[in-house]
Amino acid sequence: MIKIIENVLKDLADMQLNLGSDVARTWIAEKVAVAITEQQDMTEVLTQVVPELNIDDVITTAMKNNGYTKGDSGYDMRTGKRDIIFHTKDDQQFEVTFRRLNND
């Protein structure tokens, strides 16, 4: 959630907003609320459409659709982390890492 808020604030960084103004603070809060709602909606749709076991396929497909090629991938049993390396045509590498969070 912090990243969502940071991205909204980054988008607003070039504006000279008076944070002492109730109107400016409300406007910023509305922008943040919309961004959070959009992220929650996207997450909800994804979890309804994509069964948990296929999340790797979803990430791989999304990256391939955006021009990346799947490289090495692996699962670390000790940490429960799954990672996939993707490559661009100009040999840049990007790693996607995800892990299950315990809801204890």
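These numbers come from a predicted model, not from an experiment.

Scoring rules and cut-offs
- Residues numbered from 1 in each chain as written.
- Predicted model: local features only at pLDDT ≥ 70, side-chain atom pairs only at ≥ 80, totals over all residues.
- Heavy atoms only, no water.
- Phe/Tyr/Trp six-rings, centres within 6.5 Å; stacked < 30°, edge-to-face > 60°.
- Helix = DSSP H or I, 4+ residues; strand = E, 2+ residues; numbered from the N terminus.
- Buried < 20%, exposed > 50% of the residue type's maximum accessible area, 1.4 Å probe, protein only.
- Pairing = 2+ DSSP bridges.
- Core = buried A, V, L, I, M, F, W, Y, C linked by side-chain atoms within 4.5 Å.
- Contact = heavy atoms within 4.5 Å.
- Axes fitted to C-alpha atoms, helices over the stretch in contact; angles between N-to-C directions.
- Arc of directions from axis to C-beta.

### Details of the packing of aromatic side chains
A ring pair, where both rings are aromatic, is described by two values, the distance of the centres and the angle of the planes. Summed over the entire model, instances satisfying the criterion amount to 1 aromatic pair. Relative to F94, the ring of Y68 lies with its centre 5.6 Å away and its plane at 90 degrees, an arrangement referred to as edge-to-face. One end of the pair, Y68, is in the loop between α3 (55–65) and β1 (69–76); the other, F94, is in strand β3 (residues 93–99), with 26 residues separating them in the sequence. Overall, the relative accessible area of 22% leaves Y68 in the partly exposed class. Residue classification places F94 among the partly exposed positions, given a relative accessible area of 34%.

### Observations concerning the pairing of β1
Where β1 and strand β2 (residues 81–87) come together, 6 bridges link them in antiparallel fashion. Pairing of D76 across the sheet is with K81, part of β2. Counting the residues between successive antiparallel strands, the hairpin from β1 to β2 contains 4 residues, one of them, G80, with a positive phi of roughly 75 degrees.

### A word on the pairing of β2
Where β2 meets β3, 7 bridges bridge the pair, whose relative direction is antiparallel. Across the sheet, R82 pairs through a bridge with F98, a residue of β3. Once β2 ends, the chain turns through 5 residues before running back antiparallel as β3, passing D91 with a positive phi of about 65 degrees.

### Here's the deal with the nonpolar core
One finds I4, V8, L12, I28, V32, A35 and I36 forming the largest nonpolar core, which totals 7 residues. Tallying contributions element by element places helix α2 (residues 22–49) first for this core, with 4 residues. Setting aside its immediate chain neighbours within four residues, I28 contacts L9, L12, L17 and L19.

### Some remarks on the sheet that holds β2
Note: strands within a sheet are paired through backbone hydrogen bonds, in either parallel or antiparallel orientation. Strand order across the open sheet formed by 3 strands is β1-β2-β3, with antiparallel pairing between neighbours. Strands with a single pairing partner mark the edges of an open sheet, and in this sheet they are β1 and β3. For this sheet, the mean inter-axis angle between neighbouring strands, taken without regard to orientation, is 15 degrees.

### Some points on helix α1 (residues 2–12)
One full turn of an α-helix is made of 3.6 residues, so residues set three or four places apart face in the same direction. Along α1, the residues classified as buried are I4, V8 and L12. Across the axial projection of α1, the buried residues extend over an arc of 75 degrees, all falling on one side. Those residues of α1 that are exposed and aimed more than 90 degrees away from the buried face are I2, K3 and K10.

### Examining unusual backbone geometry
The residue D91 is not glycine, and still its phi comes out positive at about 65 degrees. Positionally, D91 belongs in the loop between β2 and β3.

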